[in-house]
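Understanding the architecture of this molecule
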Amino acid sequence: LLIIGPAIDLEYAETIFARIKDSKNVCYLPLLKQEELFKRVSQALCTINCSTSEGQSAAILESMALGVPVLARNIGGNQFIESLGTLYNCPDTFCKSFKENCSDAERWLKASHDALNFVKEHHSPAVERDFYINTVNGALQNKINNNRD
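Just so it is clear, the structure is predicted and the values come from calculations on it, not from any experiment.

**Side note on the packing of helix H3 (residues 58-65) against helix H5 (residues 105-122)**
- The N-to-C vectors of H3 and H5 enclose an angle of 110°; their axes lie 7 Å apart at closest approach. The orientation of H3 with respect to H5, classified from their angle, is roughly perpendicular. Crossing angle aside, the handedness with which H3 passes H5 is left-handed. Where H3 abuts H5, its residues Leu61, Met64 and Ala65 lie against Ala115, Leu116, Phe118 and Val119.
- Among the residues forming the contact of H3 with H5, the class breakdown is 7 nonpolar, no polar and no charged.

Structure below.
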């Protein structure tokens, strides 16, 4: 297990660090350059998002864009991936979902494709770019028209 990212809640992080300090199977990396981060994530079996409160997670979208399945806690900020069926409510449902998906290579491959397709369909950088360009152009056009009146 590789834990990546800065410790936001230092008190909670210290409890995690204490539990994993002698582990041979868990490694913590505070920050990685984006290129290295994407390389590591793309090699992962899955991304786990266990936040208890967060807005829409960029880490989830980045993982899905790399074709990496995501298991995420069922909180408001993660509801956007509810249709993929990879949200969990508690440790028991997390373990069940993880075991079900990992024990079935075909299912995991489908989850990988679904994740990638979800990002392409709902979070396309080209569509978002065009939306913002059109919004700014429309606002500028309105401003020009209002100044003429």
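**Some details on the packing of aromatic side chains**
- All told, the structure shown has 6 aromatic pairs when counted by the stated rule.
- Measuring from ring centre to ring centre gives 4.7 Å for phenylalanine 17 and tyrosine 28, while their planes differ by 45°; the resulting arrangement is tilted. Remark: tyrosine 28 occurs in strand E2 (residues 27-29) and phenylalanine 17 occurs in helix H1 (residues 10-20); sequence separation between them is 11 residues.
- In this structure phenylalanine 17 comes out as partly exposed when scored by relative accessible area, which is 25%.
- One aromatic cluster in this structure is built from Tyr88, Phe94, Phe98 and Trp108.

What counts as what
- Every chain begins its residue count from 1, and numbering advances along the sequence as written.
- With pLDDT at 70 or above as the cut-off, local features in this predicted model cover only qualifying residues; side-chain atom pairs require 80 or more to be listed or tallied, and sums for whole chains, interfaces and linings still use all residues.
- Hydrogens and water molecules were not included; the side-chain quantities draw on all heavy atoms of the structure.
- The axes used here are C-alpha line fits, helices contributing only the stretch in contact, and every angle between their N-to-C directions lies in the interval 0 to 180 degrees.
- A run of H or I in DSSP becomes a helix once it reaches four residues, and a run of E becomes a strand once it reaches two; helices and strands are each numbered from the N terminus.
- Here the angle decides the label: under 35 degrees means roughly parallel, over 145 means roughly antiparallel, 65 to 115 means roughly perpendicular, and every other value means oblique.
- The sense of a crossing depends on the near helix, which, turned anticlockwise from the far helix by less than a right angle, makes the crossing left-handed and, turned clockwise, makes it right-handed.
- The criterion used for residue contact is that any of the two residues' heavy atoms lie within 4.5 Å.
- Each residue receives one of three labels: charged for Asp, Glu, Lys and Arg, nonpolar for Ala, Val, Leu, Ile, Met, Phe, Trp, Tyr, Cys and Pro, and polar for the others, Gly being one of them.
- The criterion for an aromatic pair is that two Phe, Tyr or Trp rings (for Trp, the six-membered ring) have centres within 6.5 Å, with stacked assigned to planes under 30 degrees apart, edge-to-face to planes over 60 apart and tilted to the rest.
- Exposure is judged per residue with a 1.4 Å probe applied to protein chains only, and the accessible area is read against the type maximum: over 50% gives exposed, under 20% gives buried, and values in between give partly exposed.

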